[in-house]
Amino acid sequence: MAAPGRFITFEGGEGAGKTTQVKRLGERLRVLGHDVLETREPGGSPGAEAMRHLLLAGIAKPLGSDAEAMLFAAAREDHVTSVIRPALAGGAWVICDRFLDSTRVYQGVLGGVDERLVRALERVTVGTTVPDLTFVLDVPPEVGLARAGKRGQGTDRFESEDLAYHERLRQAFRHIAENEPNRCILIDGTINADVLAVRIWMAVADRLLRKRAPAAAAAPAAKPIAAPTPAPAPDPTGTVAG
Ligand code: TYD
């Protein structure tokens, strides 16, 4: 049986540069011979893509925020079950443009959906398929919205909210990243896309490729939490295993 794959998600406000970085990371992993699936939410499977249209066109908005959250959850359930889990089971690296943190932020913090409902939906749809690593791309709303406008895709249901809304989004994503440092990395999304891609790659290599090496060969953690026991010497070449 193939070794289980790795699951990486990208999160952030509008125009944070996620889509570009998903592609860049996918290309890099493929060059190394990994099997890679790039996907997105809402969407990523035929059923979820049909629901994406309803969600982004604002058709679900009049139903209320709880119903809208349930529709996002229905889309995620189909995507996770029919696409993400099978790919991970087959040993692929799955890179997803938005995932559970977007629901926590857009529907939970900003949409006012009770956190208990958000968590319950997450248990049903995500279960144990939690990302191994999440990049939260941080950009000021003025920058992100200008970029989103530049893409010429018009304003969707969420892009059309005001600047204060987008600033709250940003803070909510930052809050998640600060609270879950083992899973999340907050990264400045205003820097040059090439430099950003390198930083992302270094983090992936450090957190996920090294972890695949046998424990004895792994470099010591950057921030030891327990009292130090004699640790193996760090690899002087800085070579990434995997
Ligand atoms: P998209 O065009 O993919 O935007 P972006 O380029 O900003 O990722 O639109 C996705 C929109 O859906 C985005 O505004 C965030 C929203 N969304 C939610 O509200 N909840 C969710 O769970 C997800 C996955 C997305």
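In the block above lies the structure referred to throughout.
Numbers given to residues run from 1 along each chain, matching the order in which its sequence is written. Only residues with pLDDT of 70 or above have their local features reported here, since the model is predicted, and side-chain atom pairs are shown and tallied only from 80 upward, although totals for entire chains, interfaces and linings are computed over all residues.

A. Expanded view of the sheet that holds strand β2 (residues 36-40). Two strands qualify as a pair provided that DSSP identifies no fewer than 2 bridges between them. Here a strand is any run of E in DSSP of at least two residues, a helix any run of H or I of at least four, and the numbering for each starts at the N terminus. With parallel pairing, the 5 strands of this open sheet are ordered in space as β2-β3-β1-β4-β5. The open sheet is flanked by β2 and β5 (184-188), the only strands paired with a single partner. Taking each pair of neighbouring strands and ignoring which way they run, the sheet shows an average axis angle of 20°. A pair of residues counts as a contact when their C-beta atoms, built from backbone coordinates, are within 7 Å of each other. Note on method: axes are straight lines fitted to C-alpha atoms, helices fitted across the in-contact stretch only, with angles between N-to-C directions ranging 0 to 180 degrees. Docked against the sheet, helix α1 (residues 18-31) engages β1 (6-12), β2, β3 (93-97) and β4 (133-138), running at close to 170° with respect to β3. Taken strand by strand, helix α7 (residues 163-179) contacts β1, β4 and β5, and its axis lies near 145° from that of β4.

B. Spotlight on unusual backbone geometry. Cis rather than trans, the peptide bond between E41 and P42 has omega equal to -10°. Locating P42 in the fold gives a position in the loop between β2 and α2 (46-56). Of note, R98 is a non-glycine position whose phi angle comes to about 75°, a positive value. Along the chain, R98 falls in the loop between β3 and α4 (100-110). Counts of 20 or more other C-beta atoms within 10 Å of a residue's own C-beta define buried residues, counts of 12 or fewer define exposed ones, and intermediate counts define partly exposed ones; C-beta atoms are placed from the backbone. Note on R98: 22 C-beta atoms within 10 Å, which makes it buried.

C. Fine view of the packing of helix α3 (residues 65-89) against helix α5 (residues 115-125). Here α3 crosses α5 at 15°, and the two axes come no closer than 9 Å. Overall, the two elements α3 and α5 adopt an arrangement that is roughly parallel. Judged by the sense of rotation from one axis to the other, the crossing of α3 with α5 is right-handed. Contacts between α3 and α5 pair D66, A69, M70, A73, R76, E77 and V80 from the former with L117, V118, L121, V124 and T125 from the latter. Here the contact of α3 with α5 is composed, by residue class, of 8 nonpolar, 1 polar and 3 charged. Here roughly perpendicular refers to angles of 65 to 115 degrees, roughly parallel to angles under 35, roughly antiparallel to angles over 145, and oblique to all remaining angles. Handedness of a helix crossing follows the sense of rotation of the near helix relative to the far helix, less than a right angle counterclockwise being left-handed and clockwise being right-handed. Three classes are used, and their members are as follows: Ala, Val, Leu, Ile, Met, Phe, Trp, Tyr, Cys and Pro are nonpolar, Asp, Glu, Lys and Arg are charged, and the others, Gly among them, are polar.

D. Expanded view of the site of the ligand. Among the 15 residues in the neighbourhood of the ligand, the closest are listed as E41, S102, T103, Y106 and F158. Those elements giving two or more residues to the shell around the ligand turn out to be α1 and α4. Of all the elements, α4 adds the most residues to the shell around the ligand, at 4 residues. Considering only residue class, the shell around the ligand consists of 5 nonpolar, 4 polar and 6 charged. Near, for a residue, is defined by distance from a backbone-placed C-beta atom to a molecule or strand, with 6 Å as the limit that must not be exceeded.

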